[in-house]
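# Inside the fold
Okay, here's what each chain looks like letter by letter:
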Amino acid sequence: QDVYEASRYVATITLSKLAELFSAARNIMEWLATCASLVAKQGQPMSWVTPLGLPVIQPYRRDKGLLVKTLIQSVILIDCNDKLPVSSVRQRSAFPPNFVHSLDSTHMLMTANKLQALNIPFTAVHDSYWCHASHVDTMNASLRDCFVDLYEQPVLENLRDSLVARFPDVEFPAIPQRGQLRLDEVK
């Protein structure tokens with residue numbers, strides 16, 4: 001019990017300090033969640049288009065289960081189809097990380113395309129990028145260049161504009177203020 005209470009105390013302090021340090025990121029995540037809630041209130045799943053043009057739709061709907069009891073066991077059959085109402089809770093909670101993951105994958109694809117154009121063999125898993133040791137400096141410069149190219153785009157503005165165009169009667173909140181990162185310092 002003492003270990004549990006101590007770990008809970010440390011976790012609370014750690015999360016509180018992270019929230020202070022990354023308040024701009026937290027505000028943007030909350031803005032994304034609010035946008036997803038507003039879309040879900042329209043009965044629609046959250047969807048967006050990545051900067052590379054890939055359309056993304058969150059599939060989260062309220063599942064409908066049916067319990068079937070047999071002599072041997074009980075089985076739950078889940079009805080999952082696009083006609084079920086969206087799950088506003090799941091849409092809201094999943095959108096911020098899914099949107100960020102879509103940007104991460106956009107960055108990875110941009111880097112892969114740039115390295116392919118340079119004829120450098122490349123592979124990646126999530127945010128772990130690999131190439132032959134002789135090409136590490138080129139890969140490092142390329143992934144940083146692609147990061148800057150991606151985030152020089154008005155990513156959040158484009159998202160908000162697309163939401164306003166799709167749902168003109170919904171009042172989406174203004175985009176929160178960004179942090180102090182200067183993109184050129186990434187290079």
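Structure shown above.
On a predicted model such as this, the values are computed, not experimentally measured, just so you know.

Calculation notes
- Along each chain, numbering runs from 1 in the same order as the chain's sequence is written.
- Confidence filtering applies because this is a predicted model: local features only for residues at pLDDT of at least 70, side-chain atom pairs given and counted only at 80 or more, and all residues used for totals across whole chains, interfaces and linings.
- Computation of side-chain values: all heavy atoms of the structure, hydrogens and water removed.
- Counting from the N terminus, the helices are the DSSP runs of H or I reaching at least four residues and the strands are the DSSP runs of E reaching at least two.
- For this measure, only C-alpha atoms enter the radius of gyration; the expected value for a globule follows 2.2 Å times N^0.38, where N is the number of residues.
- In this analysis, two residues are considered to be in contact whenever any of their non-hydrogen atoms come within 4.5 Å of each other.
- All accessible areas in this document rest on Shrake-Rupley with a 1.4 Å probe, and a residue is counted as covered only by the protein chains that are shown.
- His residues and chain termini do not enter the charge count, which takes Lys and Arg as positive and Asp and Glu as negative.
- Where a charge lies is defined by one atom per residue type: Lys uses NZ, Arg uses CZ, Asp uses CG and Glu uses CD.
- Only protein chains enter the area calculation, which uses a 1.4 Å probe; residues under 20% of their type maximum are buried, those over 50% are exposed, and those in between are partly exposed.
- Counted as a polar contact is a pair of N or O atoms within 3.5 Å, where, for protein atoms, one must be capable of donating a hydrogen and the other of accepting one, and residues adjacent in sequence contribute only when both atoms are in side chains.
- The length a helix should cover is 1.5 Å for every residue beyond the first.
- At every residue, the bend is computed as the angle between two fitted axes, covering the seven residues ending there and the seven beginning there respectively.
- A pair of strands counts as paired when DSSP detects no fewer than two bridges linking them.
- When two cysteine sulfur atoms are found within 2.5 Å, that pair is recorded as a disulfide.

### What to know about the overall build of the protein chain
Counting secondary structure elements, the protein chain contains 5 helices and 6 strands. Whereas a compact globule of 187 residues would reach a radius of gyration of roughly 16 Å, the protein chain reaches 21 Å, over 25% beyond that. Projecting the C-alpha coordinates of the protein chain onto the three principal axes gives extents of approximately 65 × 50 × 45 Å. Long-range pairs, those at least 24 residues apart, make up 60% of the contacts in the protein chain with a sequence separation of at least 6. In the form shown here, the protein chain has an accessible surface area of approximately 12700 Å², with 57% of it arising from carbon and sulfur atoms. Positive and negative side-chain charges of the protein chain, numbering 18 and 19 respectively, have mean locations separated by a distance of 8 Å.

### Some thoughts on the side chain of Ser47
Relative to the helices and strands, Ser47 is located in strand E1 (residues 47-49). Owing to a relative accessible area of 15%, Ser47 belongs among the buried residues under this scheme. At a separation of 3.1 Å, a polar atom in the side chain of Ser47 contacts the side chain of Arg166. Setting aside anything within four residues of it in sequence, one finds Ser47 in contact with Val56, Ile57, Leu163 and Arg166.

### Some details on helix H3 (residues 88-117)
Residues three or four positions apart in an α-helix share a direction because the helix packs 3.6 residues into each turn. With 30 residues, H3 ought to run about 44 Å at 1.5 Å a step, and its terminal C-alpha atoms sit 42 Å apart, in line with that. Considering bend angle alone, the principal kink of H3 is centred on Phe95 and spans about 40°; proline Pro96 follows within four residues of it. If you check which residues of H3 are buried, you get Gln91, Ala94, Phe95, Pro96, Phe99, Ser102, Leu103, Thr106, His107, Met110, Thr111 and Leu115. Taken together, the buried residues of H3 touch helix H2 (23-41), E1, strand E5 (122-125), strand E6 (128-131), helix H4 (136-151) and helix H5 (155-166). Remark: Asn119 follows H3 within two positions and exhibits a positive phi of approximately 60°.

### Here we look at the side chain of Thr50
Of note, Thr50 is situated in the loop between E1 and strand E2 (55-57). With a relative accessible area of 7%, Thr50 lands in the buried category. The contact partners of Thr50, leaving out residues within four places of it in the chain, are Val56, Ser102 and Thr106.

### What to know about the environment of Val186
Topologically, Val186 is positioned in the segment after H5. What makes Val186 buried here is its relative accessible area of 17%. C-alpha separation for the pair Val186 and Thr34, spaced 152 residues apart in sequence, amounts to 30 Å. Beyond its immediate chain neighbours, meaning those up to four positions away, Val186 contacts Arg144, Phe147, Val148 and Leu181.

### As for the environment of Pro121
The residue Pro121 is located in the loop between H3 and E5 in this model. Accessibility expressed as a relative area gives 57% for Pro121, which makes it exposed. Sequence spacing of Pro121 and Met139 is 18 residues, and the spatial spacing of their C-alpha atoms is 9.9 Å. Those residues in contact with Pro121, other than ones at most four positions away along the chain, are Trp130, Cys131 and His132.

### Details of the pairing of E6
By the bridge criterion, 4 bridges tie E5 to E6 in an arrangement that is antiparallel. When the sheet's bridge partners are listed, Phe122 is paired in E6 with Cys131.

### Topic: the state of the cysteines
Counted according to the given criterion, the structure contains 0 disulfides. With no disulfide of its own, Cys131 lies 13 Å from the sulfur of Cys146, the closest cysteine sulfur.

In short, geometric facts, not functional conclusions.
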